[in-house]
Amino acid sequence: MYKIGDLFVYGSSGACRITDIKKENFGKNETTYYILSPVFDIKETIYIPIDNEALVAKMKRILTPEELITLIKTIPQKKSVWIENVNQRREEYKRIIKKANREELLALIKTLYERRVELQQAGKNLSVYDERFFRHAQNIIHSEISLVLQIPREEIPSYIEKTLSVA
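Residues numbered from 1 in each chain as written. Predicted model: local features only at pLDDT ≥ 70, side-chain atom pairs only at ≥ 80, totals over all residues. Heavy atoms only, no water.

Asker: Whenever I open this one, unusual backbone geometry confuses me. Can you help?
Answerer: A positive phi angle, near 55°, is found at Ala100, a position not held by glycine. Unusually for a residue other than glycine, Gln150 sits at a positive phi of about 55°. Along the chain, Gln150 turns up in the loop between helix H5 (128–149) and helix H6 (156–166). The class for Gln150 is exposed, based on a relative accessible area of 65%. (Helix = DSSP H or I, 4+ residues; strand = E, 2+ residues; numbered from the N terminus. Buried < 20%, exposed > 50% of the residue type's maximum accessible area, 1.4 Å probe, protein only.)

Asker: Which parts of the structure should I look at to understand the layout of surface pockets?
Answerer: Take a probe with the size of a water molecule and roll it over the atoms, and the empty space left behind shows itself. In this structure, the largest pocket encloses a volume near 370 Å³. In terms of lining, the largest pocket is formed by 17 residues, of which the most central are Ile75, Ile109, Tyr113, Ile160 and Glu161. If you list the elements that add at least two residues to the lining of the largest pocket, you get helix H4 (102–121), H5 and H6. The leading source of residues in the lining of the largest pocket is H4, at 6 residues. Grouping the amino acids of the lining of the largest pocket by side-chain chemistry returns 10 nonpolar, 2 polar and 5 charged. Considered as a void within the structure, the second largest pocket measures approximately 180 Å³ in volume. Residue lining of the second largest pocket: Ser12, Ser13, Gly14, Pro38, Phe40, Asp41, Glu44, His136, Asn139, Ile140, Ser143 and Arg153, and that is the complete set. A total of 4 residues in the lining of the second largest pocket trace back to one element, the largest contributor, which is H5. Considered class by class, the residues forming the lining of the second largest pocket number 3 nonpolar, 6 polar and 3 charged. (1 Å grid on protein atoms, 1.4 Å probe; cavity = no way out; pocket = protein on both sides within 12 Å on 5 of 7 lines; lining within 4 Å. Points joined across faces, edges and corners; volume = space filled by probe spheres on them. Nonpolar A, V, L, I, M, F, W, Y, C, P; charged D, E, K, R; others polar.)

Asker: Where do I start with the packing of helix H3 (residues 86–99) against H5 in this structure?
Answerer: Axes are the key here: two packed helices are described by the angle between their axes and the distance separating the axes. In the contact formed by H3 and H5, the axes pass within 10 Å of each other and the chain directions differ by 15°. Taken together, the axis directions place H3 and H5 in an arrangement best described as roughly parallel. Of the two elements, H3 crosses H5, and the hand of that crossing is left-handed. For the pair H3 and H5, contact is made by Arg89, Arg90, Tyr93, Lys94 and Ile97 and by Tyr129, Asp130, Phe133, His136, Ala137 and Ile140, respectively. For the contact of H3 with H5, a count of residues per class yields 6 nonpolar, 1 polar and 4 charged. (Axes fitted to C-alpha atoms, helices over the stretch in contact; angles between N-to-C directions. Parallel < 35°, antiparallel > 145°, perpendicular 65-115°, else oblique. Left-handed = near helix turned anticlockwise from the far one by under 90°. Contact = heavy atoms within 4.5 Å.)

Listed below in structure tokens is the structure:
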């Protein structure tokens, strides 16, 4: 069982803290919930029934600084997840965001970053949907990096570039 104050990455919400564990009655029965608050979005509150294994499984432990740096150094090896068909691309990117697997999120970020640079060189921009997926994936990853490495979120892209140039 987890305790108040524990930190996790929860699904697509990013880094979260357990702020309370209490019983609530949202329906027929009273259930005990982990109350999560995203570290960088104090407006959001997430209720996770402690007996719901599927939802509790989305509470992934926060990586150590060493694990995060190792993960960042894998970015150059990530394969593109670009899909030409817009509908298929949206569905795949939704799946990646929902699953919130760090490896897949980094591949998505790398793909859309490279695509953005390519389009900007041609005087164009990412589509609104692609830009949203890019930002959402970044928010998930950056919340954990910021929390663990104590780096302001706006400095994370330059930190990643610096880490990769040294690798």
